[in-house]
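Take a look at the letters that make up each chain.
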Amino acid sequence: MCKISSIAFGIACLAGTGAAVAHEPPTAGWTIHIDAKRHIAGDLEAVAHHYCKGGLPGGVTACQLYDSDEENARLIGVEFIISADAYATLPEAEQALWHYHKEEIGQVDPSLPDMTEEEAAEFVKSIEETYGKIFLIWDSPKDELPVGQPQAYDIADNAKR
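Within each chain, residue numbers correspond to sequence positions counted from 1 in written order. For this predicted model, a pLDDT threshold of at least 70 governs which residues receive local features, and a threshold of 80 or more governs which side-chain atom pairs are given and counted, while totals over whole chains, interfaces and linings are taken from all residues. Neither water nor hydrogens contribute to the side-chain values; these are computed over all heavy atoms in the structure.

J.: Any chance you could break down helix α5 (residues 117-127) for me, citing the residues and the numbers?
T.: Taken together, the buried positions of α5 are occupied by Ala-120, Phe-123, Val-124 and Ile-127. The arc enclosing the buried residues of α5, seen along the axis, measures out at 100 degrees, which places them on a common side. Of the residues in α5, the exposed ones pointing more than 90 degrees away from the buried face are Glu-118, Glu-122 and Lys-125. The contact criterion used throughout is that any non-hydrogen atoms of two residues lie within 4.5 Å. Here a strand is any run of E in DSSP of at least two residues, a helix any run of H or I of at least four, and the numbering for each starts at the N terminus. Turning to α5, the residues buried within the fold contact β1 (32-37), α4 (101-108) and β6 (130-136). Between buried and exposed lies partly exposed: a residue is buried under 20% and exposed over 50% of the maximum accessible area for its type, with that area taken using a 1.4 Å probe on protein chains only. The directions from the helix axis to the C-beta atoms are what the arc is built from.

Structure (structure tokens):
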């Protein structure tokens, strides 16, 4: 039997009797890297660095938004992405909080730095018919600390809701 006593727990247990069940932590799989403008309120040129993970329950893709690609980057928001079919099931008031990616893509100048040009083009095409919802949690250009209320963000208006 494995005793949970250190970070080495997983390694020791996997190498030992096999009593522990190996699984990926929820932090694994954030492998889609998208850089896009217009995601930071008040600054049309600032780039939000998205690190996304698909395959979540309900077909949801979740993205962590950072203010840079640096080691000390601030987590400034999250974006959830759903299919057109899932979007169609939402009440009208909820739909108003989402943006259509086919309209957004031309406005945000996305780049996918970890993909070839062909892979990036294929990926962008694959998300055109999806919808996104953004929550900003840190106005990093303005605030040294993550203060205030989290806010939904409107890509079209480049403003908090």
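Now that the structure is up, let's keep going.
J.: Tell me about the nonpolar core, residues and numbers included.
T.: Only buried residues count toward a nonpolar core, which is a set of Ala, Val, Leu, Ile, Met, Phe, Trp, Tyr and Cys residues joined through side-chain atoms within 4.5 Å. Of all hydrophobic cores here, the largest spans 23 residues; its most connected members are Ile-34, Leu-65, Leu-112, Phe-123 and Ile-134. When residues of this core are traced back to their parent elements, those giving at least two are β1, β2 (47-56), β3 (60-66), β4 (75-83), α4, α5 and β6. In terms of residue count, α5 provides more of this core than any other element does, 4 residues in total. Setting aside residues no more than four positions away along its own chain, Phe-123 makes contact with Ile-32, Ile-34, Leu-112 and Met-115.

J.: Quick rundown of the environment of Glu-79? Include the residues and the values.
T.: Relative to the assigned elements, Glu-79 resides in strand β4. For Glu-79, a relative accessible area of 2% translates into the label buried. For the pair Glu-79 and His-50, spaced 29 residues apart in the sequence, the C-alpha separation amounts to 8.4 Å. Those residues in contact with Glu-79 that lie beyond four places of it in its chain are His-39, His-50, Thr-61, Ala-62, Cys-63, Leu-65, His-99, His-101, Gly-132, Lys-133 and Ile-134. At 3.1 Å, the side chain of Glu-79 forms a polar contact with the side chain of His-99. Polar contact is defined as a pair of N or O atoms within 3.5 Å, subject to the rule that within protein one atom must be able to donate a hydrogen and the other to accept it, and that residues adjacent in sequence are counted only when both atoms are side-chain atoms.

J.: Can you lay out α4 for me, pointing to particular residues and giving the numbers?
T.: For α4, the complete set of buried residues consists of His-101, Glu-104, Ile-105 and Val-108. Buried residues in α4, looked at end-on, bunch into an arc of 110 degrees, giving them a common side. Among the exposed residues of α4, those oriented more than 90 degrees off its buried face are Glu-103 and Gly-106. Buried residues along α4 sit in contact with β1, β4, β5 (99-100), α5 and β6. Phi turns positive one or two residues past the end of α4, at Asp-109, with a value near 50 degrees.

J.: Break down empty space enclosed by the protein for me, with residues and values.
T.: In this approach a probe as big as a water molecule rolls over the atoms, and the regions it shows empty are the leftover space. A cavity here means a set of 1 Å grid points, computed over protein atoms only, where a 1.4 Å probe fits but cannot escape. A pocket is an open set with protein on both sides within 12 Å along at least 5 of 7 lines, and lining residues have an atom within 4 Å of a point. Grid points are joined across faces, edges and corners, and a volume is the space filled by probe spheres set on the points. Within the structure shown, the criterion is met by 2 cavities of 30 Å³ or more. By volume, the largest cavity is sized at about 140 Å³. What lines the largest cavity is a set of 15 residues, among which Ile-34, His-101, Glu-104, Pro-110 and Ile-127 lie closest to the centre. Only β1, β4, α4 and α5 provide two or more residues apiece to the lining of the largest cavity. Of the residues contributing to the lining of the largest cavity, the split by class is 10 nonpolar, 3 polar and 2 charged. Under the grouping applied here, Gly and all other residues not named as nonpolar or charged are polar, the nonpolar ones being Ala, Val, Leu, Ile, Met, Phe, Trp, Tyr, Cys and Pro and the charged ones Asp, Glu, Lys and Arg.

J.: Got a sec to walk through unusual backbone geometry? Specific residues and values, please.
T.: Positive phi values are uncommon outside glycine, yet Asp-109 reaches one of about 50 degrees. Position of Asp-109 among the secondary structure elements: in the loop between α4 and α5.

J.: Just give me the short version of the pairing of β4, but keep the residues and values in it.
T.: Here, any two strands with at least 2 DSSP bridges between them count as paired. Alignment of β3 against β4, held across 6 bridges, turns out to be antiparallel. Bridged to Tyr-66 within β4 is Leu-75. With 7 bridges joining them, β4 and β6 adopt antiparallel strand pairing. Bridge assignment links Val-78 to a residue of β6, and that residue is Phe-135.

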